[in-house]
Amino acid sequence: MTDIFSPIPIITVKLFAIIDPFSVLPYLLAVYEEAAREEKITWKFVVNKITVAIGVLLVLFSILGKPLLDFLGISPQALEIAGGILLVYLGIDTMGGFQQLRFVKKLEEALITPIATPLLVGPGTMTALITLSVSYNPVTLILSSIVVTLLVYFSLLVGPILVRVLGETGTVAAGRFTAIIIAAFGIQLILAGISQLKFV
């Protein structure tokens, strides 16, 4: 039982950092405030719809990660190196903000795509889950995904308060700090993958 529950905190931190709701908050709020004038939509509705999509995607990849890896015949080492490179790129890209939200015209239609995915749960999150599925029990990943989903829900729900308290600059800065964690996780995966390679 300990093996199932003990890794949950570290997996949760990694996944939450990769999803990084703080980076998207100022942009999402700006789009919401503009859209709310024309669309009859509440912030809670926005948060609920995004959270449900995130939860479904995380649980889905927690279950399908290892079987998908086996089906494609990809070695864990190759995935760790490729996934690590992708996460390092994602960490750097996160520093630049979310230009995709600037082109959103109808918010309700954009809540699933591009906001829930790929902005929040994107290739980096999916790759991380598949990579983690090599080392961890699916139950552990599912439980971690549920915890992460709840954390994202509360982060988005109190988003307007956070932006008021920290200011837009402070909220973006918090998001950019998590970008460093994403890049560090990526480097860790690359090093782990390389260390397991057998050069003959």
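The structure we're discussing is the one just above.
Throughout this description, residue numbers start from 1 for each chain and increase along the sequence as written. Predicted model: local features are reported for residues with pLDDT of at least 70 only, side-chain atom pairs are reported and counted for 80 or more only, and whole-chain, interface and lining totals are derived from all residues. The basis for every side-chain value is the complete set of non-hydrogen atoms in the structure, without hydrogens or water.

A. Quick look at the overall build of the protein chain. Tallying secondary structure elements over the protein chain gives nine helices and zero strands in all. The order of α-helices and β-strands along the protein chain, N terminus first, is α-α-α-α-α-α-α-α-α. Contacts between residues were defined by any pair of non-hydrogen atoms, one from each residue, lying within 4.5 Å. In the protein chain, 90% of the contacts between residues at least 6 apart in sequence involve partners at least 24 apart. For the accessible areas, the method is Shrake-Rupley and the probe is 1.4 Å, while residue cover comes only from the protein chains on display. Carbon and sulfur atoms form 69% of the exposed surface of the protein chain, whose accessible area is close to 10500 Å². In this text, helices come from DSSP runs of H or I with a minimum length of four residues, and strands from runs of E with a minimum of two, each type numbered from the N-terminal end.

B. Inspection of the nonpolar core at higher detail. Put simply, buried Ala, Val, Leu, Ile, Met, Phe, Trp, Tyr and Cys residues joined by side-chain atoms within 4.5 Å make one nonpolar core. The rule is simple: take the accessible area with a 1.4 Å probe, protein chains only, and divide by the maximum for that residue type; under 20% is buried, over 50% is exposed, in between is partly exposed. One finds I19, W43, V46, I50, I54, L107 and I115 to be the most contacted residues of the largest nonpolar core, which totals 46 residues. Top element by residues in this core is helix α4 (residues 43-72). It accounts for 10 residues.

C. Seen up close, the packing of aromatic side chains. Stacked, tilted and edge-to-face pairs are distinguished by plane angle, under 30 degrees for stacked and over 60 for edge-to-face with tilted covering the rest, among Phe, Tyr and Trp rings (Trp via its six-membered ring) whose centres lie within 6.5 Å. Counting across every chain of the model gives three aromatic pairs. Here F16 and F22 contribute two aromatic rings whose centre-to-centre distance is 5.8 Å and whose plane-to-plane angle is 75°, an arrangement assigned as edge-to-face. Classification of F16 as buried rests on a relative accessible area of 15%. Residues Y153 and F154 carry aromatic rings whose centres are separated by 5.3 Å and whose planes lie at 70° to one another, so their mutual orientation is edge-to-face. Given the relative accessible area of 17%, Y153 is considered buried.

D. Quick peek at helix α3 (residues 21-35). With 15 residues, α3 should cover 21 Å at 1.5 Å per step; its first-to-last C-alpha distance of 20 Å lies within 8% of that length. In terms of burial, α3 is largely enclosed, as 11 of its 15 residues are buried. Every buried residue of α3 is listed here: P21, S23, V24, L25, P26, Y27, L28, L29, V31, Y32 and A35. In this scheme, a helix's expected span is set at 1.5 Å multiplied by one less than its residue total.

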